[in-house]
Amino acid sequence: MGMVGGSLDAFIGAVHRRAAIMDGEIELVCGAFSSSPEKSKATGAALYLPEDRVYGNFEEMIQKEKELPEGERMDFVSIVTPNHVHFAPAKLALENGFHVVCDKPVTHQTDDAEKLVKIVEDSGLVFCLTHNYTGYPMVKEAKALIEAGVLGEIRKVIVEYPQGWLSTLVEATGQKQASWRTDPERSGAAGGLGDIGTHAENLAEYITGLKITQVCADLTIFVEGRKLDDDANVLLRFDNGAKGILQNSQICNGEENDLNIRVYGELGGLEWNQMEPNTLFHKVQGSPTRILRTGVGELSEAAQVNTRFPAGHPEGYLEAFANLYRNFAMAVRAHWEGKEQDPLYDFPDVHDGLRGMKFIDTVLASDKSGEKWTDFV
């Protein structure tokens, strides 16, 4: 793995590095860790990389790595930069024969996402988008139960992602994460909607297997002086006729990272909460709630292959992230061998990235429109 972004003072880069190495499939061999060459070199030294494999920018890294012998050069690029620096390194990596893992949202603008889809398809290379919440075993179990018809026809989907960390104008204090995530030049046209709302959208579609067809949205900037939305309330319509509610907020004072989803069908319901990720609730009218736990009993094969430890040993954020990296590594190996990737070991791809960008566009258009519903196409 070669990494773009993720210097020592960055949050998500360290998460990616820890997740990538968890299964022994991936080794960090090089990086361009910052737009500052000095900071990149310092990060590489702290990670014990050879000086000649630490680069001043991603263009240099991709060019120099391509010149190295096969088996020595990096196999793929992991992009962990702010949103506005996703497209260029992904494009250059793919055009030079390197597979890509990219943080979400996939690009800064939708037209770049559309270009990237074509580049990935033309290259035939593997692309992973890190909607990491899809990596949890009990998310896999929920998806498998719905595919098996346990809930019957889906009628209602409620997905929520409340946080409280931006309840005040944190970006004015110089806090790095807040500064770029609330800056339109680096984050894109959306704030909280792009940052966490796309996770909620992706989770709802992944678990249910349904597609959102229309939205009716109300976005707000509650904190004075902020440039991008910090609260979103969205009504959803799905392609099977189901209705839904998506709400994401970063001004829910006191909340931590409470991504949760409830899915209701004609035969029952499911509930999962990211802050208690080893538990999935199965509810049926007139019967006691059934509690399913990671690693316990006859769970689906998809849940089992994404579970690492015996029951009662909590698996969380890093393990879910690691499942994406492990599954991506398996896909790269399958690519080398000319084989199809096992669908049990899935991960979000560039098409999910484009869908996320179009979701942002549709919600923003709905928020600004006087019409009640806006088509999501």
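Before reading further, recall that the structure is shown in the block above.
Residues numbered from 1 in each chain as written. Predicted model: local features only at pLDDT ≥ 70, side-chain atom pairs only at ≥ 80, totals over all residues. Heavy atoms only, no water.

1. Regarding the overall build of the protein
Argument step 1. A tally of regular secondary structure across the protein gives 12 helices and 14 strands.
Argument step 2. A globule of 377 residues ought to have a C-alpha radius of gyration of about 21 Å, and the protein, at 21 Å, matches this closely.
Argument step 3. On the principal axes, the C-alpha backbone points of the protein span a range of 65 × 50 × 40 Å.
Argument step 4. For the protein, the proportion of its 377 residues judged to be buried stands at 56%.
Argument step 5. For the protein, the distance from the average site of its 36 positive side-chain charges to the average site of its 57 negative ones is 1 Å. (Helix = DSSP H or I, 4+ residues; strand = E, 2+ residues; numbered from the N terminus. Rg over C-alpha atoms; globule rule 2.2 N^0.38 Å. Buried < 20%, exposed > 50% of the residue type's maximum accessible area, 1.4 Å probe, protein only. Lys, Arg positive; Asp, Glu negative; His and termini not counted. Charge placed at Lys NZ, Arg CZ, Asp CG, Glu CD.)

2. Considering the sheet that holds strand 2 (residues 30–32)
Argument step 1. Pairing within the open sheet is parallel, and its 5 strands lie in the order 2-1-3-4-5. Each end of this open sheet is capped by a strand with a single partner; those strands are strand 2 and strand 5 (127–129). Along the sheet, successive strands turn relative to each other by an average axial angle of 15°, direction set aside.
Argument step 2. Of the strands in this sheet, strand 3 (76–79), strand 4 (99–102) and strand 5 touch helix 11 (residues 317–336), which is tilted by about 165° from strand 4. (Pairing = 2+ DSSP bridges. Axes fitted to C-alpha atoms, helices over the stretch in contact; angles between N-to-C directions. Contact = heavy atoms within 4.5 Å.)

3. As for helix 4 (residues 87–95)
Residues three or four positions apart in an α-helix share a direction because the helix packs 3.6 residues into each turn.
Argument step 1. Of all the residues in helix 4, the buried ones are Phe 87, Pro 89, Ala 90, Ala 93 and Leu 94.
Argument step 2. Where the residues of helix 4 are buried, they touch strand 1 (2–4), helix 3 (58–67), strand 3, strand 4, helix 5 (110–123) and strand 5.
Argument step 3. Note on helix 4: the residue one or two positions beyond its end, Gly 97, has a positive phi of about 90°.

4. Observations regarding the nonpolar core
As a rule of thumb, soluble globular proteins bury nonpolar side chains together.
Argument step 1. Ranked by size, the top nonpolar core spans 76 residues in total, and within it Phe 127, Ile 207, Ile 261 and Phe 359 carry the most contacts.
Argument step 2. If we skip the residues at most four places from it in the chain, Phe 127 touches Ala 90, Leu 94, Val 100, Cys 102, Val 106, Leu 116, Val 120, Phe 328, Phe 347, Pro 348, Asp 349 and Val 350.
Argument step 3. In this structure, Ala 19, Val 54, Ala 322 and Val 332 belong to the second largest nonpolar core, which totals 25 residues. (Core = buried A, V, L, I, M, F, W, Y, C linked by side-chain atoms within 4.5 Å.)

5. Brief notes about the side chain of His 99
Argument step 1. Within the fold, His 99 resides in strand 4.
Argument step 2. Since its relative accessible area comes to 3%, His 99 is described here as buried.
Argument step 3. With near-sequence residues (within four places) excluded, His 99 lies in contact with Asp 75, Phe 76, Val 77, Leu 125, Val 126, Phe 328, Val 332, His 335 and Trp 336.

6. Some words on helix 9 (residues 192–208)
Argument step 1. Taking 1.5 Å of rise per residue, 17 residues should cover 24 Å, and helix 9 covers 23 Å from first to last C-alpha, within 8% of that figure.
Argument step 2. Of all the bends in helix 9, the greatest, near 30°, is centred on Thr 198.
Argument step 3. Counting buried positions over the 17 residues of helix 9 gives 17, a clear majority of the element.
Argument step 4. At the C-terminal side of helix 9, Gly 209 shows a positive phi close to 75°. (Expected span 1.5 Å × (residues − 1). Bend = angle between axes of the 7 residues up to and from the residue.)

7. Details of the sheet that holds strand 14 (residues 374–375)
Argument step 1. The 9 strands lie next to each other as 13-12-11-10-6-9-8-7-14, forming an open sheet whose pairing is mixed. Each edge of the open sheet carries a strand with a single partner, namely strand 13 (290–293) and strand 14.
Argument step 2. Across 5 bridges, the pairing between strand 10 (residues 260–265) and strand 11 (residues 269–273) is antiparallel. Looking across to strand 11, one finds that Val 263 is bridged to Leu 270.
Argument step 3. Of the strands in this sheet, strand 7 (212–220), strand 8 (231–238), strand 9 (243–249) and strand 14 are in contact with helix 12 (residues 350–368), which crosses strand 7 at around 60°.

8. Things to note about the environment of Gly 124
Argument step 1. Within the secondary structure, Gly 124 sits in the loop between helix 5 and strand 5.
Argument step 2. The partly exposed category is assigned to Gly 124, whose relative accessible area is 41%.
Argument step 3. With 247 residues separating them in the primary sequence, Gly 124 and Glu 371 have C-alpha atoms 41 Å apart.

9. Comments concerning the pairing of strand 9
Argument step 1. Burial analysis of strand 9 places 5 of its 7 residues in the buried class, the great majority of the element.
Argument step 2. As paired elements, strand 6 (residues 154–162) and strand 9 share 7 bridges and run parallel to each other. Bridge pairing in strand 9 places Val 159 opposite Leu 246.
Argument step 3. Direction of pairing for strand 8 relative to strand 9: antiparallel, over a ladder of 7 bridges. Bridging from a neighbouring strand, Asp 231 pairs with Ser 249 of strand 9.

10. Some points on the packing of aromatic side chains
Argument step 1. Taken as a whole and judged by the stated rule, the model has 9 aromatic pairs.
Argument step 2. Summarising the aromatic geometry, the rings of Phe 76 and Tyr 325 are spaced 6.5 Å apart at their centres and angled 45° between planes, so their arrangement reads as tilted. Of this pair, Phe 76 sits in strand 3 while Tyr 325 sits in helix 11, placing them 249 residues apart in sequence.
Argument step 3. A relative accessible area of 6% means that Phe 76 is categorised as buried.
Argument step 4. By relative accessible area, which is 1% here, Tyr 325 ends up buried. (Phe/Tyr/Trp six-rings, centres within 6.5 Å; stacked < 30°, edge-to-face > 60°.)

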